[in-house]
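Residue-level listing of the chains:
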Amino acid sequence: MNTQQLIKKFVEKYGESNNVYRVFNAPGRVNLIGEHLDYNGGYVLPAALEFGTTLIIRQRDDQQISFASTNIPYEVVGSIQDELGSKSDQWTDYPVGVIKELEKIGVQLSKGYDLLYHGDIPNGAGLSSSASIEVVTAYALLSMEGKETDTVEIAKLSQKAENLFVGVNSGIMDQFAVANGRKDHAILLMCDTLEYELVPFETGAYKIVIANTNKRRGLIDSKYNERRSECDQALEILQKEIPALQYLAQLKPDQFETLQDSILDETVRRRAKHVVEENQRVLDSVEALKKGDLDSFGQYMNQSHDSLRYLYEVTGDELDAMVEEFQRESGTLGVRMTGAGFGGCTVALVHEDKVDSVIEQVAHNYESRTGLKPDFYVCGVGQGVHEIEEAL
Ligand code: GLA
């Protein structure tokens with residue numbers, strides 16, 4: 001749906017008014033490498049996608065807020081103090097959580113607003129549709145209220161909305177990428193300090209191919225929290241050896257080598273090993289990217305998947321089958337799962353001349369192995385949250 005069509009839908013839903021509307025967009029994200037590192041204080045390398053959530057917003061003549069979406073049936077109108085005050089277990093928890101976090105930093109909405117969202121990120125695929133809704137809401141409301149739109153602060157408050165109101169204990173990576181992405185760049189983010197560098201993502205003849213396994217990501221929250229607590233256990237043990245250690249990812253691989261026997265639980269030791277080695281892999285991947293050494297970058301992607309499969313154990317049959325099928329194809333430079341895991345998507349770099357044939361072959365083989373029909377997205381790196389000016 002283009003912006004003009006969306007504006008038409010907005011007027012159909014909310015009617016004409018003399019108040020001006022504005023249009024904003026926030027992308028989804030794909031993580032290129034550095035998985036399960038954000039809550040371990042490590043480096044991640046995500047990038048914004050070219051698809052995301054568009055939001056049209058217009059001031060109302062009362063103090064109410066109304067939320068509707070073109071692609072999710074649930075809609076609601078009310079005030080944040082009353083009807084919208086508690087969790088509904090609907091998608092509107094994301095924007096409501098954001099408004100609550102804005103209030104905590106002293107931004108009280110001075111008026112009511114009508115909001116209409118349109119998302120083109122597949123839901124539940126692990127491409128951060130929720131972060132995209134949170135970030136576009138925060139950016140749009142701050143803009144409407146004439147306040148500063150600091151995208152690092154927006155990422156932080158959107159993460160809090162997700163942690164505290166929605167109740168999902170995620171790290172900062174998704175919201176940060178959605179808020180701060182730059183076209184044709186990956187973001188090297190240090191999750192401990194939130195310092196970041198935009199790294200040109202120049203892939204020459206290679207395209208990013210995202211494949212959705214279409215495996216329902218059941219149990220994802222409990223498994224995610226289990227991994228977090230295993231990392232906490234590892235950290236606690238290692239802090240006895242190095243009291244100044246604040247995060248697992250601060251350890252270098254050779255330090256970990258000498259200390260690892262202090263972690264008696266074999267599972268916990270493997271989790272920590274993934275974190276330490278994956279962190280080094282992010283730094284090595286960025287070096288490779290800067291040198292234009294895409295072959296090495298692809299190898300690091302493959303190694304990352306193996307580590308998530310065997311050490312961190314967050315892949316599962318469908319993600320592994322998808323990765324194996326991509327790896328069988330000569331046009332694939334590298335491939336790995338992306339996001340939390342347990343289903344969701346893989347990300348691959350595939351030669352442009354072979355994209356169509358690789359997709360066709362992988363789709364066929366994946367379906368016969370798993371019985372699931374996959375979806376594919378060939379996409380470039382898009383822009384972080386922004387206003388769409390030309391709509392007006
Ligand atoms: C999910 C979370 C992120 C991050 C990834 C794993 O996407 O929302 O914060 O932890 O999983 O890298």
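Just above, that's the structure.
Definitions and limits used
- Residues numbered from 1 in each chain as written.
- Predicted model: local features only at pLDDT ≥ 70, side-chain atom pairs only at ≥ 80, totals over all residues.
- Heavy atoms only, no water.
- Near = heavy atom within 4 Å.
- Polar contact = N/O pair within 3.5 Å; in protein donor to acceptor, adjacent residues only side chain to side chain.
- Areas by Shrake-Rupley, 256 points an atom, 1.4 Å probe, with all protein chains shown as cover.
- Nonpolar A, V, L, I, M, F, W, Y, C, P; charged D, E, K, R; others polar.
- Core = buried A, V, L, I, M, F, W, Y, C linked by side-chain atoms within 4.5 Å.
- Buried < 20%, exposed > 50% of the residue type's maximum accessible area, 1.4 Å probe, protein only.
- Helix = DSSP H or I, 4+ residues; strand = E, 2+ residues; numbered from the N terminus.
- Contact = heavy atoms within 4.5 Å.
- Pairing = 2+ DSSP bridges.
- Axes fitted to C-alpha atoms, helices over the stretch in contact; angles between N-to-C directions.
- Parallel < 35°, antiparallel > 145°, perpendicular 65-115°, else oblique.
- Left-handed = near helix turned anticlockwise from the far one by under 90°.
- Phe/Tyr/Trp six-rings, centres within 6.5 Å; stacked < 30°, edge-to-face > 60°.
- Salt bridge = Lys/Arg side-chain N within 4 Å of Asp/Glu carboxyl O.

Asks: Go over the site of the ligand, please, and point to the residues and values.
Replies: As a matter of local geometry, the ligand sits amid Arg29, Glu35, His36, Asp38, Tyr39, Ser170, Gly171, Met173, Asp174, Tyr224, Gly339 and Ala340. Contact distances for the ligand include 2.6 Å between an oxygen atom and a side-chain N or O atom of Glu35. A distance of 2.6 Å is found between an oxygen atom of the ligand and a side-chain nitrogen or oxygen belonging to Tyr224. Protein contacts shield 93% of the accessible area of the ligand, which totals 310 Å² for the unbound molecule. Residues that form the shell around the ligand fall into these classes: four nonpolar, four polar and four charged.

Asks: Please provide a residue-by-residue account of the nonpolar core, values included.
Replies: Soluble, globular proteins show a tendency: their nonpolar side chains are buried together. Core analysis: the biggest nonpolar cluster contains 103 residues, and Leu32, Leu45, Phe67, Phe201 and Ile210 have the highest contact counts within it. With ten residues, helix α3 (residues 129-144) is the largest single contributor of residues to this core. Among all residues touching Phe67, those that are not within four sequence positions of it are Tyr14, Glu75, Val76, Leu84, Trp91, Thr92, Pro95, Val96, Ile99, Leu115 and Tyr117. In terms of nonpolar packing, the next biggest core, distinct from the first, is built from 16 residues, Val209, Val355, Ala363 and Phe376 among them.

Asks: Talk me through the sheet that holds strand β9 (residues 332-338); I want residue IDs and the actual numbers.
Replies: Spatial strand order, β9-β10-β8-β11: four strands in an open sheet with antiparallel pairing. Two strands close off the open sheet at either side, each with one partner strand: β9 and β11 (375-379). Sheet twist, expressed as the average angle between the axes of neighbouring strands with direction ignored, equals 20°. Contacting β8 (206-212), β9, β10 (345-351) and β11, helix α11 (residues 355-370) runs over the sheet at an angle of about 160° to β11.

Asks: Give me the packing of helix α9 (residues 294-310) against helix α10 (residues 317-327): which residues, what numbers.
Replies: Relative orientation of the contacting elements α9 and α10 amounts to 155°, with a least axis distance of 11 Å. Considered as vectors, α9 and α10 are oriented roughly antiparallel to each other. Classified by chirality, the crossing of α10 by α9 is left-handed. Facing α9, whose interface residues are Asn302, His305 and Arg309, α10 presents Leu319, Asp320, Val323, Glu324 and Gln327. Within the contact of α9 with α10, the residues separate by chemical class into two nonpolar, three polar and three charged.

Asks: A description of the packing of aromatic side chains should follow, citing residues and the corresponding values.
Replies: Aromatic ring pairs are described here by two measures, namely the spacing of the ring centres and the angle between the planes. Applying the stated rule across the entire model yields eleven aromatic pairs. Between Phe10 and Tyr21, the aromatic rings sit 6.1 Å apart at their centres with planes inclined by 65°, giving edge-to-face as the arrangement. Taken together, the residues Phe10 in helix α1 (residues 3-14) and Tyr21 in strand β1 (residues 21-33) connect sequence positions eleven residues apart. Cluster of aromatic residues (ring-pair linked, three or more members): Phe10, Tyr14 and Tyr21.

Asks: Quick rundown of the pairing of strand β5 (residues 113-119)? Include the residues and the values.
Replies: Taken across its seven residues, β5 has six buried, putting it largely inside the fold. In this structure, strand β2 (residues 43-59) lies alongside β5, joined through seven bridges in antiparallel fashion. Across the sheet, the residue bridging to Leu55 is Tyr117, located in β5. With five bridges connecting them, strand β3 (residues 65-69) and β5 associate as parallel partners. Residue pairing across strands places Ala68 opposite Leu116, the latter belonging to β5.

Asks: A description of the pattern of salt bridges should follow, citing residues and the corresponding values.
Replies: The tally for this structure, following the rule as stated, stands at 30 salt bridges. Measuring nitrogen to oxygen at the nearest pair gives 2.9 Å for the salt bridge that ties Arg227 to Glu226. Classification of Arg227 as buried rests on a relative accessible area of 4%. Across the pair Glu277 and Lys273 runs a salt bridge whose closest N-O atoms are separated by 2.8 Å. A residue pair is termed a helical-turn pair when its members lie 3 or 4 positions apart in one helix, as Glu277 and Lys273 do in helix α8 (residues 266-291) at four residues. What makes Glu277 partly exposed here is its relative accessible area of 25%. Using a relative accessible area of 23% as the deciding quantity, one classes Lys273 as partly exposed. When salt bridges with common partners are traced through the structure, they connect Lys223, Glu226, Arg227, Glu230, Glu266, Arg270, Arg271 and Glu313 into a single cluster.

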